[in-house]
Amino acid sequence: MPLRHTLPRLATAVALGVGLAPQAATVQAATEWDMPTPYGDRTFHTVNIREFTDDVREATDGELDITVHANGSLIGHAEIKNSVRRGIVPIGELIMSRLANENPIFEVDSVPYLAASYDDARALWDASREVIAEELSAQGLRLLFAVPWPPQGIYTQQEIEAPEDLQNLSMRAYNAASERLAQLAGAVPTQVEVPDIPTAFSTGRVDAMITSPATGADTKAWDYLSHFNHAQLWLPKNMVIVSERAFSRLDDATREAVIDAADAAEQRGWEMSRQETDEALSVLQDNGIEVSTPTPALAAKLEEIGATMTDEWAERAGEQGAAILEAYRAGEE
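Just so you know, these numbers come straight off a predicted model, no measurement behind them.

Quick notes on the rules
For every chain, the first residue of its written sequence is number 1, and the numbers climb from 1 along that sequence. Local features in this predicted model are restricted to residues of pLDDT 70 or higher, and side-chain atom pairs are both shown and tallied only at a pLDDT of 80 or more, whereas totals for entire chains, interfaces and linings draw on every residue. The basis for every side-chain value is the complete set of non-hydrogen atoms in the structure, without hydrogens or water. Helix and strand assignments come from DSSP, with helices taken as H or I runs of at least 4 residues and strands as E runs of at least 2, each series counted from the N terminus. Three labels apply to residues, based on accessible area from a 1.4 Å probe with only protein chains included: buried if under 20% of the type maximum, exposed if over 50%, partly exposed otherwise in between. Every residue pair with non-hydrogen atoms within 4.5 Å of one another is taken to be in contact. Only the protein chains shown count as cover for residues, with accessible areas throughout obtained via the Shrake-Rupley method and a probe of 1.4 Å. Counted charges follow a simple rule, with Lys and Arg positive, Asp and Glu negative, and His plus the chain ends left uncounted. Charge positions are represented by NZ for Lys, CZ for Arg, CG for Asp and CD for Glu. In what follows, salt bridge is the name for a side-chain nitrogen of Lys or Arg lying within 4 Å of a carboxyl oxygen of Asp or Glu. Along the arc lie the directions from the helix axis toward the C-beta atoms. Should DSSP find at least two bridges between two strands, the strands are taken to pair.

Enquirer: Quick question: what am I supposed to make of the overall build of the protein chain here?
Expert: Helix and strand counts for the protein chain come out as ten helices and eleven strands. Along the three orthogonal principal directions, the C-alpha set of the protein chain runs to about 105 × 45 × 30 Å. Within the protein chain, the fraction of its 333 residues that count as buried is 49%. In the protein chain, the share of contacts with a sequence separation of at least 24, taken over all contacts with a separation of at least 6, comes to 77%. When the accessible surface of the protein chain is summed, it comes to about 15200 Å², and 48% of that surface belongs to carbon and sulfur atoms. Once the 25 positive and 53 negative side-chain charges of the protein chain are each reduced to a mean point, those two points are 10 Å apart.

Structure below.
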C-alpha cells in the first residue's frame, strides 16, 4: 500500500487512541462495595462505620467506595454473615454473639459478669481476638474490627426489685446468652430485632428486654416502657468482617488503607461506646425512664446466673474456650 494512503489511517488511529484514553481510564472505575449493617443511622456503631468508610474513601482517593446500608435495609441481621461468606456482599457488620450456635467462642463477650466493665471487656477482647479471627479465617472471612455496646441492662414496664419480679415475663432476646439468662431467671425468651422493639412492646409481645442504654435511647424506650435497671451484665461487641476473597482482590495500598481505617475505627468506637453509656443514660432519665441498679437480692441472683453460664460456656467452648480464659485471667494477675 502506498505510504500516502497509510499515513491518514495512522493519523486517524492515533487520534482515536488519544480520544479513547480518557474513556479507558473511566473503564477502570473505583471498586464499589455494599455494606449491610443491622442498626439505624443514629446508633453510634453506624456513625463509627460511616467514619470508617469515609476514611477508606479518602485514603484511597475514592478507589474503594463503600456504601453503608443501615437498619437491615439491604440484608437482615441474621443473614449478614453468610451473605459476606457467600460473596453476595463483600463486607458487613453483625453482633458477634449471633454466631454462638456455630461456635461458643463467639459468645464469650455475652457471659454475664465475666467482663462487666470496659477495662475487663478490653482485656477479654485482647485474650480472645486471635482465636476468633482464626475461626473466621477458616471460613474465608477476615475480622476487621470490633466495638462493644454499652453494658447490658434490663428494661421493664415496672420496677424490678426481687428475682421473682422477672418470672414469667416475656423477655426480648437477641442472642443465645440473653435467651439463656431469661430462662434461668424464669422469664420467657422471645427473639426480637432492634427495629421491631417498639412494636413488640406496644402489642404485648414482650414485657422486658436485655439491651444497652444506647438501644433504649435510639428506639425511644420511654414511648413503650418506664424502667431501666443498669445491671451491667456484659458488653457484647459488634464486629465488621470482610470476605477474604474480595479483600485479596484489592491492591496492596488499598488493603493497607482498609486495615489502617479499621484500626482507627476500633479505637474510636471503644471511646464512643464509653461516651454513649453516659449520654444514653442521661437521655433515658431526661425522658422519664426510671434508672436504677440491682438490689442486693437481684444482684445475687444475677451473679448466680452468671456463674452458671460461665461454667456452661467453658464446657461448650472446649480447648478454645480454655485458652481464652487462661489468657484473660493471666492478664488480670
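Enquirer: Honestly, the pattern of salt bridges in this entry has me stumped. Any pointers?
Expert: Close approach of charged atoms allows side chains with opposite charge to pair. One pass over the full model with this rule turns up 17 salt bridges. The residue E51 makes a salt bridge to R268 at a minimum N-O spacing of 3.3 Å. You can see E51 sitting in helix α2 (residues 44-59) and its partner R268 sitting in helix α9 (residues 252-286), a full 217 residues away along the chain. A salt bridge links E266 to R129; the nearest nitrogen and oxygen atoms lie 2.6 Å apart. Within this pair, whereas E266 is found in helix α9, its partner R129 is found in helix α4 (residues 118-137), the two being separated by 137 residues in sequence. Salt bridges here are not isolated pairs; linked through shared partners, they connect R122, D126, R129 and E266.

Enquirer: Can you help me understand helix α3 (residues 77-85) in this one?
Expert: Residues lying three or four places apart along an α-helix face the same way, a consequence of the helix completing one turn every 3.6 residues. Within the span of α3, buried status applies to H77, I80, K81, S83 and V84. Seen from one end, α3 has its buried residues packed into an arc of 165°, which puts them on one side. Buried residues along α3 sit against β1 (31-36), β3 (91-95), β4 (141-148) and β10 (237-243). The first or second residue beyond α3 is G87, which carries a positive phi of 85°.

Enquirer: Sorry, what's going on with the pairing of β10 here?
Expert: The two faces of a sheet get side chains in turn, since along a regular strand they alternate between them. Across the seven residues of β10, seven count as buried, placing the element largely inside the fold. Along β10, one buried face is formed by K237, M239, I241 and S243 and the opposite face, lined by N238, V240 and V242, is buried too. In this sheet, β10 lies alongside β4 in antiparallel orientation, the contact comprising seven bridges. Of the residues in β10, the one forming a bridge with V147 is N238.

Enquirer: So what exactly am I meant to see when it comes to unusual backbone geometry here?
Expert: Both trends apply: most residues other than glycine have a negative phi, and most peptide bonds are in trans. Of note, D61 is a non-glycine position whose phi angle comes to about 55°, a positive value. Tracing the sequence through the fold places D61 in the loop between α2 and β2 (64-69). The backbone of K220 shows a phi angle near 50°, a positive value even though the residue is not glycine. If you trace the backbone, K220 turns up in the loop between α7 (213-218) and β9 (227-229). The class for K220 is partly exposed, based on a relative accessible area of 38%.

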